[in-house]
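# Structural characterization, general
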Amino acid sequence: GIATPEAIRIASLHVKSGNNLNSALGIETLRSMIPIMNAEIATAKGEWGAAVHLFDSHIDSFVKDGQARLTGKLYALRAWCKSNLKDLAGAQADLEYSLRESVGTVDFDDLAIMRCRLASVYQAIGDQNQAEVQRGLARSALDALGNQQAAARLALQAVEFNLPKK
């Protein structure tokens, strides 16, 4: 679905903050990340054409900047945008590319987003079986993310417990 206005506002502020930090420090590390983040925000706002344009213009530089592990998710997002624009052939091509490029995707949150968007694209192109498979994979990734976060909380609590008391 589409994100809430408040979630979009907060995400936009984070992108602006990152861009401001990048400028203030005179560093280029976020040069390709900011446009990709803006593409993700445009996607969340349902601005399909703007999102596709941003993805088209910046995915390659993002990959060159060392972010190839996110290519599968980005092409899934672009496929979803294209399916919402009724460009089903373009959506199908991006879906297939997303699946090929997702091998290096290791973060459960990125996998969940990717699989959820692929499910929506499969549904749009009429493949209900694959849509259900992708929804199941998205749920599995979300479950794994929850387990990972719970384990991290427990580890942090153990560290906190063992810190000297004041």
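Up top is the structure.
So, how was this worked out
- Residues numbered from 1 in each chain as written.
- Predicted model: local features only at pLDDT ≥ 70, side-chain atom pairs only at ≥ 80, totals over all residues.
- Heavy atoms only, no water.
- Helix = DSSP H or I, 4+ residues; strand = E, 2+ residues; numbered from the N terminus.
- Areas by Shrake-Rupley, 256 points an atom, 1.4 Å probe, with all protein chains shown as cover.
- Salt bridge = Lys/Arg side-chain N within 4 Å of Asp/Glu carboxyl O.
- Buried < 20%, exposed > 50% of the residue type's maximum accessible area, 1.4 Å probe, protein only.

With that out of the way, let us pick up the overall build of the protein. Helix and strand counts for the protein come out as seven helices and zero strands. Listing each helix as α and each strand as β along the protein from the N terminus yields α-α-α-α-α-α-α. Per element, the accessible surface of the protein, about 9700 Å² overall, is 57% carbon and sulfur.

This part covers the pattern of salt bridges. Per the stated rule, a full pass over the model turns up 10 salt bridges. Here Glu40 makes a salt bridge to Lys73, at a shortest N to O gap of 2.9 Å. Of this pair, Glu40 sits in helix H2 (residues 33–45) while Lys73 sits in helix H4 (residues 71–84), and the two are 33 residues apart along the sequence. Between Asp94 and Arg78 there is a salt bridge whose closest N-O contact spans 2.6 Å.

A few words now on unusual backbone geometry. Within the chain, Lys86 stands out as a residue other than glycine whose phi angle is a positive 70 degrees. Tracing the chain through its elements places Lys86 in the loop between H4 and helix H5 (88–101). Owing to a relative accessible area of 68%, Lys86 belongs among the exposed residues under this scheme.

This part takes up the environment of Val103. Within the fold, Val103 resides in the loop between H5 and helix H6 (108–124). The spatial distance from the C-alpha of Val103 to the C-alpha of Arg69 is 8.0 Å, given a sequence separation of 34 residues.

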